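Here's the letter readout for the chains.
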Amino acid sequence: MNTTQATQDAAQSKLEELRRSIDNIDAALIYMLAERFRHTQAVGKLKATNHMPPADPAREARQVARLRQLAQSAQLDPDFAEKFLAFIIREVIRHHEAIAASEGR
Ligand SMILES: C=C(O[C@@H]1C=C(C(=O)O)C=C[C@H]1O)C(=O)O
């Protein structure tokens, strides 16, 4: 085997090792998101039953501030963290509105 081939094989096995870790992290994210949505569904039912609005902008502002700080200390782009949270919350609110509508609110 020549040097170029050996270097390429080493790079390929490093790539596969890194991808195994990425796959594990993606799986963890899916489980974490599923767990989060289970809890937000419960919040949605609680709100619908008790005539509370689906969205809570004050709570969201506190979450954004907290997650931006966490992102900064974790060396993750705070703007990305905020966009990611906003994406999730938008979906949660959509679910809450659907729950409220199904309960005739
Ligand atoms: C889950 C809630 O409902 C909405 C969704 C939120 C979330 O996904 O974190 C936060 C605030 C609300 O706009 C809540 O009020 O706690």
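All values reported here derive from a predicted model rather than from experimental measurement.

1. Here's the deal with helix H1 (residues 3-49)
Here is step 1: For H1, with 47 residues, the first-to-last C-alpha span of 69 Å sits near the 69 Å given by 1.5 Å per residue.
Here is step 2: Counting buried positions along H1 gives two out of 47 residues, so the element sits mostly on the surface.

2. Quick word on the UniProt feature "domain: Chorismate mutase" (unreviewed entry) in the protein chain
Here is step 1: In the numbering used here, UniProt assigns the feature "domain: Chorismate mutase" (unreviewed entry) to residues 9-100.
Here is step 2: Spanning residues 9-100, this segment combines 88% helix with 0% strand, and its end C-alpha atoms are found 56 Å apart.

3. So, the confidence of the model for the protein chain
Detailed conclusions should not be drawn from predicted coordinates in areas where pLDDT is low.
Here is step 1: On average, residues of the protein chain carry a pLDDT of 96, and 99% of them reach 70 or more.
Here is step 2: Of all the helices and strands in the protein chain, H1 carries the lowest mean pLDDT, 96, while helix H2 (residues 57-73) carries the highest, 98.

What counts as what
All residue numbers refer to positions counted from 1 along the written sequence of the respective chain. Totals for whole chains, interfaces and linings use all residues, but because this is a predicted model, local features are given only for residues with pLDDT of at least 70 and pairs of side-chain atoms are given and counted only at 80 or more. Every helix listed is a DSSP run of H or I at least four residues long, and every strand listed is a run of E at least two residues long, numbered separately from the N terminus. By this rule the span expected of a helix is its residue count minus one, scaled by 1.5 Å. Exposure is read from a count of other C-beta atoms within 10 Å of each residue's own; the residue is exposed at 12 or fewer, buried at 20 or more and partly exposed in between. C-beta atoms are placed from the backbone. UniProt positions are given in the numbering used here, feature names are shortened, and annotations may be inferred rather than shown by experiment. pLDDT expresses how confident the predictor is about each individual residue, on a scale running from 0 to 100.

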